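Below are the chains, spelled out letter by letter.
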Amino acid sequence: MTSSPTASSIEVAIRVRPLRAELHESRPAWQIDATSLTELAQPDNAFTFDRVYDTGSSTAEIYKNNVRDTIVARVAQGYNGTIFAYGQTGSGKSFTMFGDTSARSPGLIRLAVHDLFKALAMEQQRKPYMHAEVFVSVLEIYNEQLRDLLQGDGGGVRASGSPNMAAASPLVASPPPLPLSIRENEHGVYVHNARRVQVASEEECANVIYTRAASRVSAATMMNEHSSRSHCVIRLLVERSYYLEDAVSDADNAEEEEEEDDETTTQTDGDDEDGGGSRASLSQAAQGEGKHGLSADAAKKRESAKNKKKFISTLNMVDLAGSERVAKTGATGLRMIEGGHINKSLTTLTTVINRLASESTGQQQHTASGAMPPGRAGASSNSNNNGGTAFIPYRDSRLTHLLKTSLGGNSFTAVLCCITPAVESANESRSTLQFASRAKRVKNKAHVNEVANAQTRVRELEAALRNTKKLLVAQTLYLWSKQLRIRRYEEQLASAAVADSGGGIGLFAQPSAAHLMNQQQQQQMIIAQLNAQNDALREEAGTLRVQLEKAMADGGQKGSMPSSASESAAAVAELASLRRSLQYTQDMLKERETAVQAAQASLDELDGLCRELEGENKSQAEQIKALTRRTNEADELITAVEEEHNSLQHEIGLLRAQLQQSQARLLEKHRGDDYLAELTKLHVEHQNLLYSYSQLKEKADRDKAELMQRLHRLTEKNNSLEDDVDEAKDETQLRNSFLWRLLSAAAQVTQGKPLTIKDPSAAVRDAQVAEAVRALTSFAVLSARTNPHNTASASSGGSGGDVSNENVWQLQGRIRGLEEQLIAKDAQRDVIIDAKLKRIQGLVLRLHAVNVALVEEMRHCFHDNEQLFDIAMRSSKTQKKVEKAGLTQRSFESALDRARFTQPPHKPLYHN
Ligand SMILES: Nc1ncnc2c1ncn2[C@@H]1O[C@H](COP(=O)(O)OP(=O)(O)OP(=O)(O)O)[C@@H](O)[C@H]1O
């Protein structure tokens, strides 16, 4: 049950915060006055609003002008209200909503809580019979996920449904949070499974809000040291209830009091006490009414119908996260993801506002052009320019879904658009102002939300049931198969009535319960009339009969006495007429009796019909009762099923999480299998490579050993050759020295000088040279002994000179012979040395080639070694992964064994 809706636009105000030097904001981009903002760089670009708050304005001022009377006071009256702050990051939304203790600036939330409790207390004073309760819920939308900030630990909050629990009482261990979901009912949008805390005072309320909202996600960005990373929605639910009768009696009392006040001057103290203490109870009021003419039944009925009135209103206070640009906030990683979600939901909010704004504009145009009846203009915000229903994408984001009632729905809404004046953020401020311009075109339709209590509801249901029954009876009558029979009786009755009174029975042409009742009454009246007529006729007949008898008696007397013939004829004529009249009356009587009998029969039949109808009605009423019972049962069942559904959903959530975990585990295991397969493959490769490596190594070792042997042999040969060469060189030197000495000896001898042997101990190898030297020496010794002075005269002539000349010639001949022998030997030696050198060179070249091959082989070996090392590393990594995947050592080994068994026959990579 609700009041008629009040159409209202969204209240929009702009707040410009001061420039912040720490953000390097240089100068303002806007010229600000009380109702407009004009861009200094483009004076054509101006925005006009009801109120613009410049940098020097306080939050209290904004609250007083735009929130207190338009929103908070109305919430206290039973309407829904919403306040939200919109703007780019760092523009002052949280400052406006939550306030800043260091700046001694209370936020809108704190001010609203204060006034709401104050208004409720005042109303309570005015209406002592009223009972008011306030509940708080604190939610945040973080990365498009709803989070209940009242769930979880501590805070000293008490859950809804336990209003008397002290705030300081220890909390019962909180159960695991149930999944939150946004749902709608006839009172608006709510969050299923969200907790709400009952608060008894302003301080308690503010305490819950501020302690809980502090746990919302915030982080530092380049634009704001404490940037809100989520939208925070604070809901105050106000429930006011009272019994209507108490209110009425209170009003009566008030009136009485007023009257008594007027009479106070003449009343005594005692009277005053009576009057003052008489807050008339419902029973007293009922008795009073009984006295004034109402029956006791009516009074009783009224007492049982004591009517509870309940009004529910909601105050939403929303601090949105700010739109942001990655380049400016410097967000990366998680911050960037958060920023993406924030921007996405704000875009949906903008879309919703745009659509609602165009809807309202369209309606206004329609209304202005007379295309739509005025009554409809405010009533259908969801109809587009063509009068159809436009789609508003509330469900595209959690934020707009949750704020659905506040945007174009049953709520008074105020939007505070926060901007920074800085020229560096002119673009962002411009788009905020555009949002604000559109938001103020949106029309809401607020109404007081009255909730019927159970008793009222039962009565309403009973009335509805009665109506339904009536409808059912009417429909049954209307469609009833016996209608034709009724018509027939109607016709009979009509003809009888027409015969009797000239019409009126045609009323039965349209059968209904009322008609049937009419028929019955009319028939009864007709029967009564007929009976009366019958009686009258009988009476008349009796009178006539008496008259006749009297006349006959008179006639007898007259006949005995002489009379005139004319008198006698007149008497006979009168008798005859009386007889005719009697006959006619008797006929009439018979006819009437037949009609009465027919009417009676039709009446009986109608009675039967009515009884039948009643029977059917009864059975239908029973059926309806049974149906109602079954509906209730079905309702209960639905509630139970819903509960079960919720718990199942919860369970499904848990199972899903478990499934995901198992899937992750399976995946890991699967990966482990893959790793195992990879490991097996690597192991096979490893084995192959090891085999190839061992073969290569063996071959290399063999080759190396062989080469070493060959090298050794070659080195030995080389050494021996070198020895030979050295020997040959020594020999040559020796020979040369011998030759030289021989030649010098020969020169000494030929020149007659005494022969001196410089080195007699020198080893003489050449036997001929030694012999020649000995001969020459002995000759010289002999010559010196025999002619010690001839040496000088030998050259002056004589026979002695000839002999010596001959000897010299012999010696010279022999020396030449020896020289030739020496030259021949030298030549021979050179040839041998050349040949040996050539062989050595060949050997050295081959040795070099072998060395090169050996080095190449070693390089291969190193490469294989590296590969082996790499495989070993990969194997160990894979093994670690396998272990991480949860494979036991045993399963790993068995897998390795399997791999070994299934290992392909070795295909050596290298063939000798
Ligand atoms: N009107 C104002 N007067 C003085 N300081 C202000 C005003 N508005 C905002 N500030 C300061 O600016 C800074 C940023 O404000 P706030 O945190 O409220 O921005 P926000 O719009 O909520 O940002 P976000 O969207 O990132 O959460 C704060 O240090 C705040 O104290």
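Keep in mind that this is a model prediction, so the values were computed, not measured.

## With respect to the overall build of the protein chain
In terms of helices and strands, the protein chain carries 21 helices and 21 strands. Looking at the protein chain as a whole, 36% of its 912 residues qualify as buried. For the protein chain, the accessible surface area stands at approximately 53000 Å², while carbon and sulfur atoms represent 55% of it.

## With respect to the state of the cysteines
Scanning the entire structure with this criterion turns up zero disulfides. Free of any disulfide, Cys417 has its nearest cysteine sulfur in Cys418, 7.4 Å distant. With a relative accessible area of 1%, Cys418 lands in the buried category.

## Comments concerning the site of the ligand
Taken together, 18 residues are adjacent to the ligand, and Thr89, Gly90, Lys93, Ser227 and Ser228 come closest. Note that an oxygen atom of the ligand is positioned 3.0 Å from one of the side-chain N or O atoms of Asn224. Taking 630 Å² as the accessible area of the ligand by itself, protein coverage stands at 82%. The element contributing the most residues to the shell around the ligand is helix H2 (residues 93-98), with three residues. Per-class residue counts for the shell around the ligand are three nonpolar, 10 polar and five charged.

## Quick word on the pairing of strand E19 (residues 412-419)
Burial analysis of E19 places eight of its eight residues in the buried class, which makes it a mostly covered element. The alternating pattern of E19 places Phe412, Ala414, Leu416 and Cys418 on one face and Thr413, Val415, Cys417 and Ile419 on the opposite face, and all of these are buried. Sheet topology places strand E2 (residues 11-16) next to E19; six bridges connect them, and they run parallel. Directly across from Ala13, in E19, lies its bridge partner Leu416. Pairing analysis gives seven bridges linking strand E7 (residues 81-87) to E19, with the strands arranged parallel. Paired with Thr82 across the bridge in E19 is Thr413.

## Here we look at the sheet that holds strand E3 (residues 30-32)
Spatial strand order, E3-E4-E5: three strands in an open sheet with antiparallel pairing. Two strands close off the open sheet at either side, each with one partner strand: E3 and strand E5 (46-48). With strand direction ignored, the average angle separating the axes of adjacent strands in the sheet is 15°. In this sheet, E5 lies alongside strand E4 (residues 36-39) in antiparallel orientation, the contact comprising three bridges. Looking across to E5, one finds that Thr38 is bridged to Ala46.

## Some remarks on the nonpolar core
Within the largest apolar cluster, 47 residues are counted, with the highest numbers of intra-cluster contacts made by Ile83, Ile209, Leu236 and Met317. The element that contributes the greatest number of residues to this core is helix H3 (residues 108-126), accounting for eight residues. Residues in contact with Ile209, not counting those within four places in the same chain, are Phe98, Ile109, Val113, Val136, Val138, Ile234 and Leu236. If you look at the next biggest cluster of nonpolar residues, it comprises 44 residues, including Val52, Leu146, Ile419 and Ala436.

## Topic: the pairing of strand E18 (residues 308-319)
Within E18, 10 of the 12 residues are buried, leaving the element largely enclosed by the surrounding structure. Two elements, E7 and E18, share five bridges in a ladder whose sense is parallel. Residue Ile83 lies in a different strand from E18, and its bridge partner there is Met317. Pairing of strand E17 (residues 231-243) with E18 involves 12 bridges; the strand directions are antiparallel. Within the sheet, the bridge partner assigned to Val233 lies in E18 and is Val318.

## So, the UniProt feature "coiled-coil region" (unreviewed entry) in the protein chain
The UniProt record annotates "coiled-coil region" (unreviewed entry) at residues 444-471, 520-554, 596-665 and 697-731. In this annotation, residues 697-731 is assigned 100% helix and 0% strand; the end-to-end C-alpha distance for the span is 48 Å.

## Brief notes about the pattern of salt bridges
The final tally for this structure, using the stated rule, is 15 salt bridges. The salt bridge partner of Arg51 is Glu61, with a shortest N-O separation of 3.9 Å. Here Arg51 is found in strand E6 (residues 51-53), whereas its partner Glu61 is found in helix H1 (residues 59-77), with 10 residues between them in sequence. Among the residues examined, Glu61 registers a relative accessible area of 33% and is labelled partly exposed. Across the salt bridge formed by Glu123 and Arg240, the nearest N and O atoms sit 2.6 Å from each other. Taken together, the positions of Glu123 in helix H3 and Arg240 in strand E17 put the pair 117 residues apart, joining distant regions of the chain.

## Describing unusual backbone geometry
Backbone phi values are negative for most residues with the exception of glycine, while trans is the configuration of most peptide bonds. At Asn143, a position not held by glycine, the phi torsion is positive, near 50°. Tracing the sequence through the fold places Asn143 in the loop between strand E10 (131-142) and strand E11 (145-148). Asn143 sits in the buried class, given a relative accessible area of 18%.

## Brief notes about the packing of aromatic side chains
If you walk through the whole model with that rule in mind, you get six aromatic pairs. On the numbers, 5.2 Å between centres and 75° between planes, the contact of Tyr79 with Phe412 is edge-to-face. Taken together, the residues span a long stretch of sequence, with Tyr79 in the loop between H1 and E7 and Phe412 in strand E19 at a distance of 333 residues. Taking the relative accessible area as the measure of exposure, Tyr79 reaches 15% and is therefore buried. Ring geometry for Tyr86 against Phe435: centres 3.7 Å apart, planes inclined by 5°, an arrangement best described as stacked. You can see Tyr86 sitting in strand E7 and its partner Phe435 sitting in helix H13 (residues 426-439), a full 349 residues away along the chain. Phe435 shares its class with Tyr86; the two are buried. Among the aromatic residues, ring-to-ring pairing joins Tyr129, Tyr242 and Phe311 into one connected group.

## Comments concerning a negative patch on the surface
Together, Glu722, Asp723, Asp726, Glu727 and Asp730 make up a region of like negative charge exposed at the surface. Among the structural elements, Asp726 can be located in helix H17 (residues 565-751).

## Section: the environment of Asp834
Locating Asp834 in the fold gives a position in helix H20 (residues 799-884). Sequence spacing of Asp834 and Val725 is 109 residues, and the spatial spacing of their C-alpha atoms is 9.7 Å.

## Let's talk about the side chain of Ser411
Inspection of the secondary structure puts Ser411 in the loop between helix H12 (398-402) and E19. Judged by its relative accessible area of 1%, Ser411 falls in the buried class. When residues no more than four places from it in sequence are discounted, the contact partners of Ser411 are Ser8, Asn80, Gly81, Thr82, Thr405, Ser406, Asn444, Lys445 and Ala446.

## Some remarks on the packing of H1 against H3
As a packed pair, H1 and H3 sit with axes 9 Å apart at the nearest point and diverge in direction by 40°. In terms of their interaxial angle, H1 and H3 are classed as oblique. Pair H1 / H3 crosses with right-handed handedness. Note on element contacts: H3 touches H1 through Leu108, Leu111, Ala112, Asp115, Leu116, Ala119, Leu120 and Glu123, opposite Thr59, Ala60, Tyr63, Val67, Arg68, Val72, Val75 and Ala76. In the contact of H1 with H3, the residues fall into 12 nonpolar, one polar and three charged.

## Focus on H3
For H3, with 19 residues, the first-to-last C-alpha span of 27 Å sits near the 27 Å given by 1.5 Å per residue. Leu108, Ile109, Leu111, Ala112, Val113, Asp115, Leu116, Phe117, Leu120 and Glu123 are the residues of H3 that are buried.

Quick notes on the rules
The numbers attached to residues start from 1 for each chain and follow its sequence in the written order. Confidence filtering applies because this is a predicted model: local features only for residues at pLDDT of at least 70, side-chain atom pairs given and counted only at 80 or more, and all residues used for totals across whole chains, interfaces and linings. Heavy atoms from the whole structure form the basis of all side-chain values; hydrogens and water molecules are not counted. Each helix corresponds to a stretch of at least 4 residues labelled H or I by DSSP, and each strand to a stretch of at least 2 residues labelled E; elements are numbered beginning at the N terminus. Burial here depends on accessible area, computed with a 1.4 Å probe over protein chains only, as a share of the maximum for the residue type. Under 20% is buried, over 50% is exposed, and the range in between is partly exposed. In these tables, accessible area is a Shrake-Rupley quantity obtained with a 1.4 Å probe, and a residue counts as shielded only by the protein chains included in the view. When two cysteine sulfur atoms are found within 2.5 Å, that pair is recorded as a disulfide. Any residue with a heavy atom lying within 4 Å of a molecule or strand is counted as near it. Pairing of N or O atoms within 3.5 Å defines a polar contact, subject to two protein rules: one partner must be a possible hydrogen donor and the other a possible acceptor, and residues neighboring in sequence count only if both atoms are side-chain atoms. Charged residues are taken to be Asp, Glu, Lys and Arg, nonpolar residues to be Ala, Val, Leu, Ile, Met, Phe, Trp, Tyr, Cys and Pro, and polar residues to be all remaining types, Gly included. In this scheme, strands are said to pair when DSSP sees at least two bridges between them. Axis lines are fitted through C-alpha atoms, for helices just across the contact stretch, and the angle between N-to-C directions can take any value from 0 to 180 degrees. Nonpolar cores are built from buried Ala, Val, Leu, Ile, Met, Phe, Trp, Tyr and Cys residues. Side-chain atoms within 4.5 Å join them into one set. Every residue pair with non-hydrogen atoms within 4.5 Å of one another is taken to be in contact. UniProt positions are given in the numbering used here, feature names are shortened, and annotations may be inferred rather than shown by experiment. Every case where a carboxyl oxygen of Asp or Glu lies within 4 Å of a side-chain nitrogen of Lys or Arg is listed as a salt bridge. When two rings of Phe, Tyr or Trp (its six-membered ring) have centres within 6.5 Å they constitute a pair, described as stacked for plane angles under 30 degrees, edge-to-face for angles over 60, and tilted for the intermediate range. Residues enter patches when their relative accessible area tops 30% and they take part in no salt bridge; the joining distance is 9 Å for like charges and 5 Å for the nonpolar side chains Val, Leu, Ile, Met, Phe, Trp and Tyr. Note on charges: Lys and Arg go in the positive column, Asp and Glu in the negative column, and His and the chain ends are not counted at all. Charge positions come from single atoms, namely NZ of Lys, CZ of Arg, CG of Asp or CD of Glu. Roughly parallel means an angle under 35 degrees; roughly antiparallel, over 145; roughly perpendicular, 65 to 115; everything else is oblique. Crossings are classed by handedness, with left-handed meaning an anticlockwise turn of the near helix from the far one by less than a right angle and right-handed meaning a clockwise turn. Expected span of a helix, by definition, is 1.5 Å for each gap between consecutive residues, and there is one gap fewer than residues.

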